[in-house]
Structure formats: C-alpha cells, structure tokens
Amino acid sequence: SGKTPDSIIQSKWERYNFGRFGLSLEAPVKPEVVELAIPDEVKQQIKEMETFQYAPLKGFEMMVSSVLYSEGITASLEGAANGSLNEIVNKPGVSNFEFKDSPVTYNEVNGVLINGSFHLNGVFMRFSTVIYTRNSHMWQVLVSWQDQDANGKIAAERILDSVEINYYVKTI
C-alpha cells in the first residue's frame, strides 16, 4: 500500500553518523550507501560525496548526502536547493510539483527547509528536505512519503527534527 508500518515508528531509533563531514540524525535503521548518477559538469566541482538511502517500502524514502566541493568552490545554498528540486521534477512520472521554502540555521550553519508535494505516477506524495551549506560543504536530508501515510509524516518529521551538523568534525 505504500504506508509506513507502525513498527517503523515504534522500533528503537538510533542516532547515526553519515560519512566524514559531521552530519548525524536519528532513524529506525541505518541507511545504506548508494551511488548517485551525477552530471559530468557537476562531478568536476565535487571533491568528495557521500550519499545514503533508506527506502524500506514503496512510498517512503529517506536520502542523506554530504558533499565537499573542490578547492576554491563555495557551496551555494540556492544552487543546492535548485538542484535538489530539479532532481524531483525531472523524475519520470512526476507532475503537479509545488513547494515552499524557509531559511533555517543550525549552529551558525545556514540552510533552507523545503516542504512540498507532487504526483508520482498519479500517487500524491509529500516531501521535506533540509539543506545546509558552509564554505565548501553541503549537507542534505530529504524524506518523501505518500500523502495519506500518517506514520510516514511522523517519521519524516522525527528524522528532520533530529538532524545535527558538527561542522568542526573533519571539515577542513
């Protein structure tokens, strides 16, 4: 059905660290490392990228990314947000895409929280993503779930509320 089971909400959540750049959050399971297909023109600007995904069932998905850009390149919050939104919009089967964004800050690291919705092959989906940038670093957590999935919404909020960035961990 694509609805997140009660067991996900009721299970013991733990704090997981993602990659080497100080991003951590709470989740029911540690997401697995995934390789993303990145356009060559973007790949040239990236020194290191770590991406993790948790998609236990059709309809609920969490993705975590940390990026260290090449020397001399400053991470652009607007560019990262636009890239993330374009990734959703350009997925096959996506229509009726809407979003709103608002600025957020975590320990002097500036970010943006984007909430929105879209139809994926006719299924009404919601998403939330938080993106932070500082100097040559970008951190992102994206969660999506089906509109009628109450547990998916609870899980998404809990994940995003738990995001922490320890900027001083190996970010030099």
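### Section: the nonpolar core
- Residues L25, M62, V141 and V143 are the most contacted members of the largest nonpolar core, which totals 28 residues.
- Secondary-structure elements contributing two or more residues to this core are strand 1 (14-18), strand 2 (23-27), strand 4 (46-57), strand 5 (60-69), strand 8 (123-134), strand 9 (137-146) and helix 4 (150-161).
- With 17 residues, the next largest nonpolar core counts A80, M125, I131 and L142 among its residues.

### Comments concerning unusual backbone geometry
- The backbone of N96 sits at a positive phi, close to 50°, despite the residue not being glycine.
- Tracing the backbone shows N96 in strand 6 (residues 94-106).
- Here the phi dihedral of N135 falls at roughly 50°; this positive angle occurs in a residue that is not glycine.
- Within the element layout of this structure, N135 appears in the loop between strand 8 and strand 9.
- You can call N135 partly exposed: its relative accessible area is 49%.

### Description of the pattern of salt bridges
- Tallying each qualifying case throughout the model produces five salt bridges.
- Among the ionic pairs, E26 bridges to R15, the shortest N-O distance being 3.8 Å. Here R15 lies in strand 1 and E26 lies in strand 2, a separation of 11 residues in the sequence.
- Under the relative-accessibility criterion, E26 is labelled partly exposed at 26%.
- According to the relative accessible area criterion, R15 is partly exposed, its value standing at 35%.
- With a shortest N-O distance of 2.5 Å, E157 and K153 are connected by a salt bridge. With E157 and K153 both in helix 4 and four residues apart, the pair spans about one turn of that helix.
- With a relative accessible area of 41%, K153 lands in the partly exposed category.

### Here's the deal with the sheet that holds strand 10 (residues 164-165)
- Taken in spatial order, the three strands line up as 1-2-10 in an open sheet, and their pairing is antiparallel. Of all the strands in the sheet, the pair left with one neighbour each is strand 1 and strand 10.
- Two strands pair when backbone bridges link them, and strand 2 and strand 10 are joined in this way by two bridges, in the antiparallel orientation. Bridge assignment links L23 to a residue of strand 10, and that residue is I165.

### Considering the layout of surface pockets
- What the largest pocket holds in volume is close to 1,100 Å³.
- In this structure, the largest pocket is lined by 43 residues; those nearest its centre are L36, M63, G83, S84 and E87.
- Looking at the lining of the largest pocket, the elements that each hand over two or more residues are strand 4, strand 5, helix 3 (77-89), strand 7 (109-120), strand 8 and strand 9.
- Of the residues assigned to the lining of the largest pocket, the class counts are 25 nonpolar, 13 polar and five charged.
- Of the pockets and cavities examined, the second largest pocket occupies roughly 250 Å³.

### Topic: the sheet that holds strand 9
- The seven strands are arranged 3-4-5-9-8-7-6 in an open sheet whose pairing can be described as antiparallel. Two strands lie at the open edges of the sheet, namely strand 3 (32-33) and strand 6, each paired on one side alone.
- One ladder, built from 10 bridges, connects strand 8 with strand 9; its direction is antiparallel. Of the residues in strand 9, the one forming a bridge with Y132 is W139.
- Its contacts with the sheet place helix 4 against strand 5, strand 8 and strand 9, and it is angled at close to 165° to strand 9.

Conventions adopted
- Residues numbered from 1 in each chain as written.
- Predicted model: local features only at pLDDT ≥ 70, side-chain atom pairs only at ≥ 80, totals over all residues.
- Heavy atoms only, no water.
- Core = buried A, V, L, I, M, F, W, Y, C linked by side-chain atoms within 4.5 Å.
- Buried < 20%, exposed > 50% of the residue type's maximum accessible area, 1.4 Å probe, protein only.
- Helix = DSSP H or I, 4+ residues; strand = E, 2+ residues; numbered from the N terminus.
- Salt bridge = Lys/Arg side-chain N within 4 Å of Asp/Glu carboxyl O.
- Pairing = 2+ DSSP bridges.
- 1 Å grid on protein atoms, 1.4 Å probe; cavity = no way out; pocket = protein on both sides within 12 Å on 5 of 7 lines; lining within 4 Å.
- Points joined across faces, edges and corners; volume = space filled by probe spheres on them.
- Nonpolar A, V, L, I, M, F, W, Y, C, P; charged D, E, K, R; others polar.
- Contact = heavy atoms within 4.5 Å.
- Axes fitted to C-alpha atoms, helices over the stretch in contact; angles between N-to-C directions.

All quantities given are derived from atomic positions and should not be read as evidence of function.
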